[in-house]
Structures are given as structure tokens and as C-alpha cells.
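# Structural characterization, general
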Amino acid sequence: MSDTLETLADKIAIIDLTGQYNRAFDEADAQAWAGTFTDDGVLDSALSGATTGRHALVAMCTELAGTDQVGHVITTDFTISVDQDRAVQTCTGVILNGPNGDTVGRYDDQLIRTADGWRFTYRKYTPLSTQQPISSAI
Amino acid sequence: MSTSHGFGQLADTYDITELTARYNRAFDDGEGRAWAETFTEDGVLESPSSHMRGHAELMARCLANPIKVAHVTVDFSVRSDGDSATQTCTGMIFRAPFGGHLTYETLGRYTDKLVRTADGWKFQHRIFTPVDISRSLH
């Protein structure tokens with residue numbers, strides 16, 4: 001039932017990558033932030049739409065980081081599945097002082113192992129308040 | 001006193017934090033059965049306003065929740081010893097009505113007892129104790 005040492009190390013590395021993502025954006029380090037994605041990585045946000053590729057991601061971070069158009073992101077409550085060189089992660093993102101105030105949402109991520117470590121191939125952020133109400137989800 | 005974890009305890013710690021994340025998301029998504037099944041068959045959830053025992057009571061509570069909420073947990077302290085474990089973590093609960101603004105609901109502490117089952121770790125007993133923030137900030 002429990003993970004192997006290698007799988008557990010992968011999960012910790014992915015949580016670490018997620019921390020790097022958060023801090024790089026907060027510090028407006030566009031290259032480092034975009035570098036948490038693969039070259040063709042996609043950030044798909046209900047807030048800003050889909051942004052594809054490192055160049056576009058660098059431009060997005062350069063334009064937005066440090067402005068009042070975004071907030072500070074904290075992530076927690078990670079669930080991760082690793083299958084050899086691919087992984088999926090779901091985690092909760094708390095955005096403080098964002099354009100809509102404080103929000104809570106969910107990241108659904110796909111990752112791949114590269115020569116430089118794990119990288120996001122696809123991140124989708126869904127703020128909780130845009131999800132379907134429980135009454136229609138049952 | 002030993003302060004470092006062997007691999008087995010490290011894996012247990014990770015698995016228990018994942019169980020906690022699944023608990024949060026299942027409740028927030030209105031998935032009553034999945035939420036109840038984070039507990040043992042006779043598992044207990046206590047708070048100052050409620051006491052539930054067993055899957056049927058737990059599932060009914062989840063499905064009856066009328067307002068979209070977001071459970072967020074951080075600051076996990078986990079100790080495992082063979083097939084039993086304890087966890088303390090901090091929980092924040094936000095209200096997020098569909099299409100409405102997110103509002104902070106409560107902050108508190110989960111005090112958990114867990115057991116290892118054939119299906120992985122399960123909560124045997126959870127106590128949620130709200131913290132009086134207005135008092136603690138002074």
C-alpha cells in the first residue's frame with residue numbers, strides 16, 4: 001500500500017516544484033516561474049484563460065507579477081499519483097489579495113520527469129466559487 | 001527521544017496528509033461516500049456543535065451540507081507507531097457560495113487518531129476544536 005522510497009521522493013520533489021512556482025511568481029522571477037513548466041507547458045486558469053509555452057508564460061509573469069492583478073499563492077493538501085515518468089497532482093490553492101480578494105481554488109496538474117527534474121506540462125486552476133453547486137453535482 | 005523518522009514513518013506521514021487532503025476535497029465536492037470512507041466503519045467526528053459516528057451518519061452530514069465550503073489544512077504533525085497514528089493539523093474553513101464571494105468561516109485544530117487498514121490509513125476519531133482568533137490576536 002505504501003510508496004517506495006523512489007515514489008515518495010518524486011512526490012516530495014513535486015511538492016517542492018509547486019513551492020518554487022508560488023515563490024517565483026511572488027518574487028516576479030518570470031524565468032524561474034516559467035521554468036517550472038516544460039517548454040510547451042500550459043497554464044489554464046479560469047481567471048485568465050490558457051497560456052501555452054514558456055515564452056508566453058514568461059511574458060505573462062513579467063506583465064502581471066507584482067501588480068494588483070494577481071495575489072499571493074499558498075498551496076496545500078496535495079494528492080499525487082506517480083506512474084514512472086509522469087505524474088498527476090491535485091492541490092488546494094489559497095490566493096491572498098488577488099483581484100477578487102482572497103480566493104480558494106484547486107490546481108489539477110499533469111507533470112513529466114525531465115533531465116532537470118519534474119516539470120508541469122499542464123496546470124489548471126479552478127476557483128472554488130466557479131465550480132458547480134453541490135445540488136447539481138450529486 | 002528519537003526525532004527522526006525511518007522510511008516507514010515518513011511514508012505513513014505522507015499517506016496521512018494525503019488522506020486529510022482527500023477528506024477536505026470529498027466534503028467540498030459533496031461526495032458523501034468518499035468522505036465517510038476516510039473514516040473507519042465506526043469512525044467518529046466531533047466538534048463543539050456535532051458528534052457523528054459511523055459511515056451512515058457521516059455520509060448524511062456531508063450530503064446535507066447546504067452551502068459550498070472549502071476545507072484547507074496545513075501544519076501537519078504526524079506520529080505513527082505500527083498500525084496506529086496520531087495527527088494534529090490546523091484547519092481553515094471558508095464559505096464559497098456558487099457565484100458569491102469567499103468568506104472566512106473558522107480556524108481550528110484537528111486532533112486525530114488513525115488506524116492502518118487493508119485500504120490504507122483511516123480516521124478512527126477526529127476532533128475539530130475552533131480557535132478563538134479574536135482572543136489569540138491580543
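Relevant structure appears above.
Residues numbered from 1 in each chain as written. Chains lettered and ligands numbered in written order. Predicted model: local features only at pLDDT ≥ 70, side-chain atom pairs only at ≥ 80, totals over all residues. Heavy atoms only, no water.

### Concerning the pairing of strand 3 (residues 69-81) of chain B
- Here 11 bridges tie strand 3 of chain B to strand 4 (residues 84-95) of chain B, and the two strands are oriented antiparallel to one another. Looking at the pairing, B:Arg79 lines up with B:Thr86 of strand 4 of chain B. (Pairing = 2+ DSSP bridges. Helix = DSSP H or I, 4+ residues; strand = E, 2+ residues; numbered from the N terminus.)

### Side note on the sheet that holds strand 4 of chain B
Residue and element names in this part refer to chain B.
- Strands sit in the order 2-1-6-5-4-3 across an open sheet of 6 strands; the sheet is mixed. For this open sheet the edge positions go to strand 2 (50-53) and strand 3, each flanked by a neighbour on one side alone. Taken pair by pair, the neighbouring strands of this sheet meet at an average axis angle of 15°, ignoring direction.
- Each of strand 1 (39-47), strand 3, strand 4, strand 5 (103-117) and strand 6 (120-130) touches helix 1 (residues 7-28); the most contacted strand, strand 3, lies at about 160° to it. (Axes fitted to C-alpha atoms, helices over the stretch in contact; angles between N-to-C directions. Contact = heavy atoms within 4.5 Å.)

### Digging into helix 1 of chain B
Residues and elements named next belong to chain B.
- With 22 residues, helix 1 should reach 32 Å at 1.5 Å per residue; the first-to-last C-alpha distance of 32 Å fits that figure.
- For helix 1, the tally of buried residues reaches 17 of 22 residues, placing the bulk of the element in the interior.
- At the C-terminal side of helix 1, Gly30 shows a positive phi close to 70°. (Expected span 1.5 Å × (residues − 1). Buried < 20%, exposed > 50% of the residue type's maximum accessible area, 1.4 Å probe, protein only.)

### A look at the environment of A:Leu43
All names here are of chain A.
- The residue Leu43 is located in strand 1 (residues 37-45) in this model.
- The spatial distance from the C-alpha of Leu43 to the C-alpha of Gly53 is 8.7 Å, given a sequence separation of 10 residues.
- The residues touching Leu43, leaving out its near neighbours within four places in the chain, are Tyr21, Trp33, Phe37, Gly49, Ala50, Thr51, Leu57, Met60 and Arg123.

### With respect to the pairing of strand 6 of chain B
All names here are of chain B.
- Two elements, strand 1 and strand 6, share 4 bridges in a ladder whose sense is parallel. Across the sheet, residue Val44 finds its bridge partner in strand 6, namely His125.
- By the bridge criterion, 10 bridges tie strand 5 to strand 6 in an arrangement that is antiparallel. Counterpart to Val115 in the pairing with strand 6 is Lys122.
- If you look at the hairpin formed by strand 5 and strand 6, you'll find 2 residues sitting between the two strands.

### Quick notes on the sheet that holds strand 4 (residues 86-98) of chain A
Residues and elements named next belong to chain A.
- Read across the open sheet, the 6 strands follow the order 2-1-6-5-4-3; overall the sheet is mixed. The open sheet has two edge strands, strand 2 (49-52) and strand 3 (72-83), and neither has a second partner. Going across the sheet, the axis of each strand differs from the next one's by a mean of 15°, ignoring polarity.
- Judged from the 10 bridges that link them, strand 5 (residues 101-114) and strand 6 (residues 117-127) form a sheet pairing that is antiparallel. Note on strand 6: the bridge partner recorded for Arg106 is Thr126.

### Remarks on the interface of chain B and chain A
- Between chain B and chain A, the residue contacts involve 35 residues of the former and 29 residues of the latter.
- In total, about 2500 Å² of surface goes out of reach between chain B and chain A, with carbon and sulfur atoms giving 63% of it.
- Across the chain B-chain A interface, the total number found is 9 residue pairs in polar contact (both at pLDDT 80 or more).
- Broken down by secondary-structure element, the contributors of at least two residues to the side of chain B that touches chain A are helix 1 and strand 3 of chain B. (Buried area = accessible area lost by both parts, 1.4 Å probe. Polar contact = N/O pair within 3.5 Å; in protein donor to acceptor, adjacent residues only side chain to side chain.)

### Quick word on the packing of aromatic side chains
- A full pass over the atoms with the stated rule returns 16 aromatic pairs over all chains.
- Ring plane angle 50° and centroid distance 4.9 Å describe the contact between B:Tyr110 and B:Phe128, whose orientation is recorded as tilted. Here B:Phe128 lies in strand 6 and B:Tyr110 lies in strand 5, a separation of 18 residues in the sequence.
- For A:Arg123, the ring lying beneath its charged end belongs to A:Tyr107, and the centroid distance is 3.9 Å.
- We note B:Arg126 situated over the ring of B:Tyr23; from NZ or CZ to the ring centre the distance is 4.3 Å. (Phe/Tyr/Trp six-rings, centres within 6.5 Å; stacked < 30°, edge-to-face > 60°. Lys NZ or Arg CZ within 6 Å of the ring centre and 35° of its normal.)

### Describing the side chain of B:Asp12
Residues and elements named next belong to chain B.
- In this structure, Asp12 sits in helix 1.
- Among the polar contacts made by the side chain of Asp12, one reaches the side chain of Ser80 at a distance of 3.1 Å.
- Polar side-chain contacts of Asp12 include one of 3.2 Å to the side chain of Arg116.

### Some remarks on the environment of A:Asp108
All names here are of chain A.
- Along the polypeptide, Asp108 turns up in strand 5.
- Remark: the alpha-carbon pair of Asp108 and Arg86, spanning 22 residues in sequence, is separated by 14 Å.
- Once residues within four sequence positions are removed from consideration, Asp108 is found in contact with Gln89, Thr90, Tyr122, Arg123 and Lys124.
- Within the structure, the side chain of Asp108 is placed 3.1 Å from the side chain of Thr90, a separation counted as a polar contact.

So, to be careful, I would describe these as geometric facts and stop short of saying anything about function.
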